[in-house]
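Structural features, examined
The primary structure of each chain is shown beneath.
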Amino acid sequence: MSKQHRIEQGECVANVAELNGFFPKTVWDHPDNAALKKKRGDPYSLLPGDMLAIPDKRLKEVAGTPEKRHRFTRKGVPEKLRVRFCVGQKPRANARYKLEVDGQLIHGTTDRDGWLECAISPNAHSARIYFDDSRDPIVLDLGHLDPIEEISGIQGRLTNLGFYRGPMDGILGPDLEAALVDFQVAKKIEVTGRPDDATKKALLEAYGK
């Protein structure tokens, strides 16, 4: 048996699983989530309103010696923040940064391709990234990325890649069409101004998911 959890904005399988005492893979691979898994594909890009099945907890018995203390350690389940930074089409390579995640400060350097990778808590909600050569931080709302099949998911990815600056309203309007054209030109694919299959594939490749 399992219970149903309605996904809200900012939630993904990782943080819902953590709050319910499970590993993300245990929840995502549960048979009751097969349809959702097939529909979305990515456990980090769920749409508010999606129903996620949370399995019942199972009792685990461990042999022990009576009248003796026993210590049990729960394995940590860190998640990974992975973001690529570019200036135009050029990767922001080997750039030093300070990453603030829910109050915790982490120092690091992007790799030669402009990627920032860092282990974070599954329950992290926000991140601020400060580069040494920039005064203002880059602010990320973690867990707010909608599926690529949704217009809001297209908008979110184009916003984070620097092509779209319009409202996150889920509407294919003039601002989004212009952003799609700019992205298609940059990626040298057919210019349609529409979120067609070729554009979605290029977005997934550029964004990483």
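Keep in mind that this is a model prediction, so the values were computed, not measured.

Bringing the sheet that holds strand β10 (residues 138-141) into the picture now. Spatially, 4 strands are ordered β7-β6-β9-β10 in an open sheet, and the strand pairing comes out antiparallel. Single-partner strands in this sheet number two, and they are β7 (104-109) and β10. Across the sheet, the mean angle from the axis of one strand to that of its neighbour is 20°, orientation sign disregarded. Of the strand pairs in this sheet, strand β9 (residues 126-131) and β10 are connected by 4 bridges, and their pairing is antiparallel. Residue serine 126 lies in a different strand from β10, and its bridge partner there is aspartate 141.

A separate point is unusual backbone geometry. Of note, the phi angle at aspartate 102 is positive, near 50°, even though the residue is not glycine. Within the fold, aspartate 102 resides in the loop between β6 (96-101) and β7. Despite not being glycine, lysine 188 shows a phi value in the positive range, around 60°. Mapped onto the secondary structure, lysine 188 falls in the loop between α5 (174-187) and α6 (197-207).

Further remarks concern the confidence of the model for the chain. In the predicted model, the chain carries a mean pLDDT of 86, and the fraction of residues at 70 or more is 90%. No element of the chain has a lower mean pLDDT than strand β4 (residues 86-87), which averages 78, and none a higher one than strand β2 (residues 51-55), which averages 95.

Turning our eyes to something else, we now look at α6. Owing to its 3.6 residues per turn, the α-helix aligns residues three or four sequence positions apart on the same side. Restricting attention to buried positions, one finds in α6 the residues Thr199, Ala202, Leu203 and Ala206. The buried residues of α6 occupy an angular sector of 105° when projected down its axis, which confines them to one face. In α6, the exposed positions angled more than 90 degrees off the buried face are occupied by Asp197, Lys201 and Glu205. On its buried side, α6 packs onto α4 (151-160) and α5.

Glancing now at the pattern of salt bridges. Inspection of the entire model under this criterion finds 8 salt bridges. A salt bridge links aspartate 29 to lysine 25; the nearest nitrogen and oxygen atoms lie 2.7 Å apart. Arginine 40 serves as the salt-bridge partner of glutamate 150, at 3.7 Å between the closest nitrogen and oxygen. With glutamate 150 in the loop between β10 and α4 and arginine 40 in helix α3 (residues 34-40), this residue pair connects regions lying 110 residues apart in the sequence. Here arginine 40 falls in the buried class, since its relative accessible area comes to 9%. Each of the salt bridges in this network shares a partner with another, and the network as a whole consists of Lys25, Asp29 and Lys37.

A separate point is the packing of aromatic side chains. Using the criterion set out here, one finds 3 aromatic pairs in the structure. An angle of 75° between the planes, with centres 6.5 Å apart, marks the rings of tyrosine 97 and phenylalanine 131 as edge-to-face. Pair noted here: tyrosine 97 is in strand β6 and phenylalanine 131 is in strand β9, with a separation of 34 residues, a long-range link. Phenylalanine 131 shares its class with tyrosine 97; the two are buried. Here phenylalanine 163 and phenylalanine 183 contribute two aromatic rings whose centre-to-centre distance is 5.4 Å and whose plane-to-plane angle is 90°, an arrangement assigned as edge-to-face. With phenylalanine 163 in the loop between α4 and α5 and phenylalanine 183 in helix α5, this residue pair connects regions lying 20 residues apart in the sequence. You can call phenylalanine 183 buried: its relative accessible area is 0%. Grouped by ring-pair contacts, the aromatic residues Phe85, Tyr97 and Phe131 constitute a single cluster. Between the NZ or CZ atom of arginine 92 and the centre of the ring of phenylalanine 131, over which it lies, the distance is 4.0 Å. Over the face of the ring belonging to tyrosine 130 we find lysine 98, whose NZ or CZ atom lies 6.0 Å from the ring centre.

Further remarks concern the side chain of glutamate 11. Within the element layout of this structure, glutamate 11 appears in the loop between β1 (2-6) and α1 (13-19). In this structure glutamate 11 is buried but unpaired, with arginine 6 as the nearest side chain of opposite charge at 9.4 Å. In this structure the side chain of glutamate 11 is engaged in a polar contact, spanning 2.9 Å, whose partner is the side chain of histidine 5. Setting aside chain neighbours within four positions, we find glutamate 11 in contact with His5, Arg6, Val16 and Gly143.

Conventions used here
- Residues numbered from 1 in each chain as written.
- Predicted model: local features only at pLDDT ≥ 70, side-chain atom pairs only at ≥ 80, totals over all residues.
- Heavy atoms only, no water.
- Pairing = 2+ DSSP bridges.
- Helix = DSSP H or I, 4+ residues; strand = E, 2+ residues; numbered from the N terminus.
- Axes fitted to C-alpha atoms, helices over the stretch in contact; angles between N-to-C directions.
- pLDDT = per-residue confidence, 0-100.
- Buried < 20%, exposed > 50% of the residue type's maximum accessible area, 1.4 Å probe, protein only.
- Arc of directions from axis to C-beta.
- Contact = heavy atoms within 4.5 Å.
- Salt bridge = Lys/Arg side-chain N within 4 Å of Asp/Glu carboxyl O.
- Phe/Tyr/Trp six-rings, centres within 6.5 Å; stacked < 30°, edge-to-face > 60°.
- Lys NZ or Arg CZ within 6 Å of the ring centre and 35° of its normal.
- Lys, Arg positive; Asp, Glu negative; His and termini not counted.
- Polar contact = N/O pair within 3.5 Å; in protein donor to acceptor, adjacent residues only side chain to side chain.

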